[in-house]
Amino acid sequence: MSTLTGSTGRRDRRGILPWLAVPALLFFVGFAVIPLVGVLLLSFTTWDGIGGIHPSGLTSWRAVLTDPGLPHALWVTFLVMAVSWAVQTPASILLGTFLAGRQRYRAVLSLVYFVPLLLSSAAIAVAYKALLDPNFGLGAGLGTEWLSKDWLGRPWLAFGVVVFIVSWQFIPFHSLIYQGGVQQIPRSLYEAAALDGAGRIRQFFSITLPQLKYTIITSSTLMVIGSLTFFDLIFVLTEGGPGDATRVLALDMYKRGFQANLMGPASAIAVVLVLMGLAIALLLRRLGGRDAGESQLEGA
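The structure reproduced in this document is the subject of the present report. (Residues numbered from 1 in each chain as written. Predicted model: local features only at pLDDT ≥ 70, side-chain atom pairs only at ≥ 80, totals over all residues. Heavy atoms only, no water.)

1. Concerning the pattern of salt bridges
Step number 1: As enumerated under the stated definition, the model contains four salt bridges in all.
Step number 2: Put simply, Asp 67 and Arg 256 hold a salt bridge, and the shortest N to O gap is 2.2 Å. Remark: Arg 256 occurs in helix H13 (residues 249-259) and Asp 67 occurs in the loop between helix H3 (59-65) and helix H4 (69-99); sequence separation between them is 189 residues.
Step number 3: In this structure, Arg 256 engages Asp 252 in a salt bridge whose closest nitrogen and oxygen atoms are separated by 3.4 Å. Taken as a pair, Arg 256 and Asp 252 lie in helix H13 at a separation of four residues, close to a single helical turn.
Step number 4: For Arg 256, a relative accessible area of 11% gives the class buried.
Step number 5: In this structure, a network of salt bridges that share partners links the residues Asp 67, Asp 244, Arg 247, Asp 252 and Arg 256. (Salt bridge = Lys/Arg side-chain N within 4 Å of Asp/Glu carboxyl O. Helix = DSSP H or I, 4+ residues; strand = E, 2+ residues; numbered from the N terminus. Buried < 20%, exposed > 50% of the residue type's maximum accessible area, 1.4 Å probe, protein only.)

2. Overview of the packing of helix H11 (residues 213-227) against helix H14 (residues 263-288)
Step number 1: Two numbers describe how H11 lies on H14: the axes approach to 10 Å, and their chain directions differ by 170°. It follows from the interaxial angle that H11 and H14 lie roughly antiparallel. For the pair formed by H11 and H14, the contact residues are Lys 213, Tyr 214, Ile 217, Ser 220, Thr 221, Val 224 and Ile 225 on the first element and Gly 277, Ile 280, Ala 281, Leu 284, Leu 287 and Gly 288 on the second.
Step number 2: Broken down by class, the residue content of the contact of H11 with H14 amounts to eight nonpolar, four polar and one charged. (Axes fitted to C-alpha atoms, helices over the stretch in contact; angles between N-to-C directions. Parallel < 35°, antiparallel > 145°, perpendicular 65-115°, else oblique. Contact = heavy atoms within 4.5 Å. Nonpolar A, V, L, I, M, F, W, Y, C, P; charged D, E, K, R; others polar.)

Right, dumping it as structure tokens:
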């Protein structure tokens, strides 16, 4: 009788579990699927954002795909993505490994390092724009010549400033991810390596990095997909300048939609960004292989 009751209870719980996902599914459909379908439909129309919406076929797509500025915006977007990933990933891994230690002061450092992530991107951009002003900024105040350069007036300097600020803001988040990943590595691996005479550097490259493989993939996915949506910081800091040196696709979408009142082409760019994000996410998932899902299930 008890066996029968237990099996019935398990079946009841299994029947309830799918219903628990309904609120999340409704939220996802309402705030992700429906807006995405709306943007896709809007990309086949002509609309100035105020008046009537008129179907126009592939007019908006032709305007976007034949625009000579599109390849440059794509290049800048991928460049920001690649360089920010190359800067953030090593720094985040090193900081995450360091913060995973057991010393008491590291908890305080974790809090300090996390502060940039709590700040608004627009506020950060305003602060850095004031600090880097060649006439009234930090360099002029300290009388330091190398800090008094026209950081936001030269293409490569402006690009470097954007990458630096983005990395400064988001390294804490990814460090937190790596900190959790390092803390999940069994201590017995390090103890065995120490008995074999491996130093800390050898342990880092032989144990820590291999064990963080799927954490790196997860962090890289968030980092790369997030870099496709950089807008507010670049808009406030450089507005895509000087020239088009920092004009990424997200900023191009905003300028077309809300400055030029071309909602059709802007929606087409939004669809391109979504497709790029999906393609990159699937590629990174593919690089992780099947073991990624299996390892997560085993860890759970």
